[in-house]
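Examination of the molecular architecture
The residues making up each chain are set out below.
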Amino acid sequence: MRWNYRLVSAVLVLTSIIGLAFALYLEHVQGLEPCPLCIFQRIGLIGMGLIALVAFIHNPISNFFKRFYALLATLAIGWSAGVAARHVWLQHLPPDQVPSCGPGLDYLVDVLPMRAVLQQVLSGSGECAMVDWSFLGQSLPVWSLIYFSLILVICLWQLFRKYPA
């Protein structure tokens, strides 16, 4: 089977839908409240999915546009992987080094400029260090990091692979 640009874009859209569906399942069915870092991870996944959807619909002939879409998708999912790595790091801090819990994300967005919100959220909080869900002995941020890393590899492959001239 030949993995053409459009097929890989469709796979990326599908991975975004699956990831978001699972996150919404955990939130609305299992009752897990997402922390600010979880929400930021979703933003990158949504961004990657939307970019891949545009690439799928456009199906560019030009190698420039193929690489441009792949670069944008790589940056978006790279954001999610980076935030997930930060989340994993926070969960592995000793209890006395975990930052204290701060105000909720909705409050921060209402009262602070976006740069301050980003700084506050990415510094993490006590709620981000709690392990509420695990599978095979690993927390949700670890599984998210693995998932985002696999998607990142696909995006990087899409970015750097050789396209027919």
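Here goes a summary of the coordinates provided. (Residues numbered from 1 in each chain as written. Predicted model: local features only at pLDDT ≥ 70, side-chain atom pairs only at ≥ 80, totals over all residues. Heavy atoms only, no water.)

1. Some remarks on the nonpolar core
Grouped together as the largest cluster of nonpolar side chains are 20 residues, with contacts concentrated most on Leu12, Leu45, Met48, Ile77, Phe148, Ile151 and Cys155. When residues of this core are traced back to their parent elements, those giving at least two are helix H1 (5–28), helix H2 (36–58), helix H3 (63–91) and helix H7 (140–160). The greatest single-element share of this core, amounting to 6 residues, is contributed by H3. Apart from the residues within four sequence positions on either side, Leu45 is in contact with Ser16, Gly19, Leu20, Ile77, Ser80, Phe148 and Ile151. With 6 residues, the next largest nonpolar core counts Cys38, Phe40, Val83 and Leu90 among its residues. (Core = buried A, V, L, I, M, F, W, Y, C linked by side-chain atoms within 4.5 Å. Buried < 20%, exposed > 50% of the residue type's maximum accessible area, 1.4 Å probe, protein only. Helix = DSSP H or I, 4+ residues; strand = E, 2+ residues; numbered from the N terminus. Contact = heavy atoms within 4.5 Å.)

2. A look at the packing of aromatic side chains
Throughout the structure, instances matching the rule amount to 7 aromatic pairs. Taken together, a centroid distance of 5.4 Å and an interplanar angle of 75° make the contact between Phe64 and Phe65 edge-to-face. A residue is classified by how much of its surface remains accessible, and Phe64, at 57% relative accessible area, is exposed. By way of ring pairs, the aromatic residues Phe64, Phe65, Phe68 and Tyr69 are connected into one cluster. Above the face of the Phe56 ring, Arg6 is positioned so that its terminal group lies 4.5 Å from the ring centre. Above the face of the Trp157 ring, Arg161 is positioned so that its terminal group lies 4.4 Å from the ring centre. (Phe/Tyr/Trp six-rings, centres within 6.5 Å; stacked < 30°, edge-to-face > 60°. Lys NZ or Arg CZ within 6 Å of the ring centre and 35° of its normal.)

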